[in-house]
Amino acid sequence: MDVNAAVAAAAAIAGVLTGVIAMLAFRWSEREQKRPTRSSLHTDAVLPPGVDTVLSVLRSSAVVLDEADAVVKASSAAYALGLVRGGKLAVEPMLQMARDTRRDGEIRQVELDLPRRGTGRGEALAVSARVAPLGSRLVLLLVEDLTEARRIEAVRRDFVANVSHELKTPVGALSLLSEAVMDASDDPEAVERFAGRMQIEATRLTSLVQELIDLSRVQNDDPLEDAEPVRVDELVAEAIDRCRHQAGAKQITMAAGGAADLRVWGNRGQLAAALGNLVENAVNYSPARTRVGIAARSVNAPGGDHIEIAVTDQGIGISDKDKERIFERFYRVDPARSRATGGTGLGLAIVKHVAASHGGEVAVWSAEGQGSTFTLRLPEAGAARDRAHQQTARHERAGGAGLDEEAGRSTPTSPESAAYETLPAPEVLP
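A. How the structure looks around helix H5 (residues 92–104). Here H5 spans 19 Å end to end across 13 residues, near enough to the 18 Å set by a 1.5 Å rise per residue. Within H5, the full set of buried residues consists of Met94, Leu95, Met97, Ala98, Asp100 and Thr101. Looking at the packing, one finds that the buried side of H5 touches strand S1 (61–65), strand S4 (88–89), strand S5 (108–115), strand S6 (124–134) and strand S7 (138–145). Note on H5: the residue one or two positions beyond its end, glycine 105, has a positive phi of about 75°.

See below:
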């Protein structure tokens, strides 16, 4: 009996000890789970309810930082701008702003110029950064890209300055010539000479105002609202007729070919103005007794067939540095020659806008002393009409989708390959 009692007592003691140990282990496990770890320091820094949804619809790039300057949330635009790298804010001025705001709770805003990622050029990315506290532990950084807005503002400022300068020149000349006419009222020959100069300046002023109106129209209007199939040979004939007098005065031969049975889809008036500007430039910048060629051809392209209309001259040519700027408003390769011919510097800008609004483009080949070839590339009538109808249907279904611009480019390698290859016997002007 004594042995059995001893065994029972030992078993009871063992059971009590096991229970105590199990309870201690359970309590220790609970304390370890509640203890903050290095990983939980970041997972605890969650966004307040609804903030994630709001940040996802903002146009600005958004970055949320915790008290350790680690990135809790960053939009895809923030990564694209290079603001966040390796889970950290990579722009030191913005990081310092975030620290100052975390310290005193004040909202801060600053405009910065940041280097672009992946470009070897010294182009700067203009941004506006705004930092504000988000709760008691987080800081919100909103960054807006101002680069395009600044570029547009610079273009507008330059445009206004150029317009003012170009208008001032003929207006000032008219004022001086009118005074000269008054002073020479007793000299019929002088009056006639000054009146002729006044007529030239008035014509130049009229041309400038008209081209400003044309440029404004092609920028603001949708040419495809009144689009129709336009015969290329009719556009070429109209452009030649427009420049017939100037070409005849300089004994310039004009030849056209390859335009039969070709049609483009677009606004006839704008297309005629664009091609007319190219032919007029070719005539104005060509020496006497040379040749201007106009050739058209159909080109197969993945996005649909295109029509290329090439205008080639044997003029002074364009340098490489000028080729990058010739489509800018009021830019002239040779200002002296442009003023002598009455040029305004807006013709090629109009051509560029017309081509872009019709889903095409304009390209240039040129070499100094060898002449130039301007190629107007436009969608062919059938393919462009079908594509326009499809996009109109998508627009109606989706509630707003614009016409796609063609991305393909085709630049002739020489004047002969673009314009002289298919030309018939030239039409010699009287």
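Additional details are given in the paragraphs that follow.
B. Just unusual backbone geometry, in detail. In this structure, glutamine 251 takes a positive phi of about 55° despite not being glycine. Of note, glutamine 251 is situated in the loop between helix H9 (244–249) and strand S9 (253–257). Taking relative accessible area as the criterion, glutamine 251 reaches 52% and is therefore assigned exposed. Located in the positive-phi region is arginine 289, a residue other than glycine, with phi close to 60°. Inspection of the secondary structure puts arginine 289 in the loop between helix H10 (268–284) and strand S11 (291–299). For arginine 289, a relative accessible area of 64% translates into the label exposed.

C. Looking closely at the sheet that holds S5. Taken together, the 5 strands give an open sheet; going across it, the order is S2-S1-S7-S6-S5, and neighbouring strands pair in antiparallel fashion. Two strands lie at the open edges of the sheet, namely strand S2 (71–74) and S5, each paired on one side alone. The average undirected angle you get between the axes of adjacent strands in this sheet is 25°. Bridge analysis of S6 against S7 gives 8 bridges, and the strand direction is antiparallel. Residue pairing across strands places proline 133 opposite valine 139, the latter belonging to S7. Its contacts with the sheet place H5 against S1, S5, S6 and S7, and it is angled at close to 165° to S5. Running at roughly 130° to S6, helix H6 (residues 147–183) makes contact with S5, S6 and S7 of the sheet.

Calculation criteria
Every chain is numbered on its own, with residues counted from 1 as its sequence reads. Local features in this predicted model are restricted to residues of pLDDT 70 or higher, and side-chain atom pairs are both shown and tallied only at a pLDDT of 80 or more, whereas totals for entire chains, interfaces and linings draw on every residue. For side-chain calculations, the full set of non-hydrogen atoms in the structure is used, while hydrogens and water are omitted. Numbered from the N terminus, helices here are DSSP runs of H or I no shorter than four residues, and strands are runs of E no shorter than two. Working rule for helices: expected span equals 1.5 Å times residues minus one. For each residue, the accessible area found with a 1.4 Å probe, counting protein chains only, is set against the maximum for its type, and the residue is called buried under 20%, exposed over 50%, and partly exposed in between. In this analysis, two residues are considered to be in contact whenever any of their non-hydrogen atoms come within 4.5 Å of each other. The pairing criterion is simple: DSSP has to find at least two bridges between the two strands. Only the stretch in contact is used when a helix axis is fitted, and all axes are lines through C-alpha atoms; the angle between N-to-C directions ranges over 0 to 180 degrees.

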